[in-house]
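# Notes for the structure review
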Amino acid sequence: MGWYFSRQTRDQLIRELIEPQEGENARSEVIAHTMRGNVLWSVTRITAKQAGFMKLAAGDSINVIRCDLLQGSGGEWGHKPLDESMHPYYYSCPLRYLDMAPVQSPEWREGVLAHHARRRMPASVA
């Protein structure tokens, strides 16, 4: 996926990314989010409107961990949408999010756990 830019502030972009979305096939709502630098981590609940969307029955939901990379350029802010299934090479996802969504990339989750383990290590050990 590419980057999507628009003439808005960083705060406006973040608000847009976390507001509920209504599409033809599904509805999504962010149930948790946090910023780590210019990475917006979120857990998004996706509810299928039609059978077969994301292998769900109509009315069923699944939670997905999202990773939106944010970047400013020339008075515009943009984002690159990623999710766990894409194994984003970013690992600062809050640990509690791992319990909020089914596993889609075991290798990525191992990276998240290793990232947090390194952060807890005293500087003299690292």
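The following paragraphs examine the structure supplied in this document. (Residues numbered from 1 in each chain as written. Predicted model: local features only at pLDDT ≥ 70, side-chain atom pairs only at ≥ 80, totals over all residues. Heavy atoms only, no water.)

A large share of strand S4 (residues 39-48) lies buried, amounting to eight of its 10 residues. Note that strand S3 (residues 26-36) and S4 share 10 bridges and pair antiparallel. Across the sheet, the residue bridging to Ser28 is Ile46, located in S4. Where S3 folds back onto S4 in an antiparallel hairpin, the turn is made up of two residues, including Gly37, whose phi is positive at roughly 65°. Direction of pairing for S4 relative to strand S5 (residues 61-73): antiparallel, over a ladder of nine bridges. What sits directly across from Trp41, in S5, is Cys67. (Buried < 20%, exposed > 50% of the residue type's maximum accessible area, 1.4 Å probe, protein only. Helix = DSSP H or I, 4+ residues; strand = E, 2+ residues; numbered from the N terminus. Pairing = 2+ DSSP bridges.)

Moving on, we come to the environment of Met54. Secondary-structure assignment places Met54 in the loop between S4 and S5. Classification of Met54 as partly exposed rests on a relative accessible area of 37%. For the pair formed by Met54 and Ser105, sequence separation is 51 residues and the distance between their alpha carbons is 16 Å. In this view, Met54 contacts Ile46, Ile62 and Val64; residues no more than four positions away in its chain are not counted. (Contact = heavy atoms within 4.5 Å.)

As a further point, take helix H1 (residues 10-18). Taken as a whole, H1 has its buried residues at Leu13, Ile14 and Leu17. The buried side chains of H1 occupy one side of the element, clustering within an arc of 100° when seen end-on. In this fold, the buried residues of H1 make contact with S3, S4, S5 and strand S6 (76-83). (Arc of directions from axis to C-beta.)

Counting residues in hydrophobic clusters, the biggest one holds 14 residues, and the most contacted among them are Trp41, Ile65, Cys67, Cys93, Tyr97 and Trp108. Where this core is concerned, the elements lending two or more residues are S4, S5, helix H2 (95-98) and helix H3 (106-120). Filtering out sequence-adjacent residues up to four positions away, Cys93 remains in contact with Trp41, Ile65, Trp108, Val112 and His116. Ala26, Ile46, Ile62 and Val64 belong to the second largest nonpolar core, which has six residues in total. (Core = buried A, V, L, I, M, F, W, Y, C linked by side-chain atoms within 4.5 Å.)

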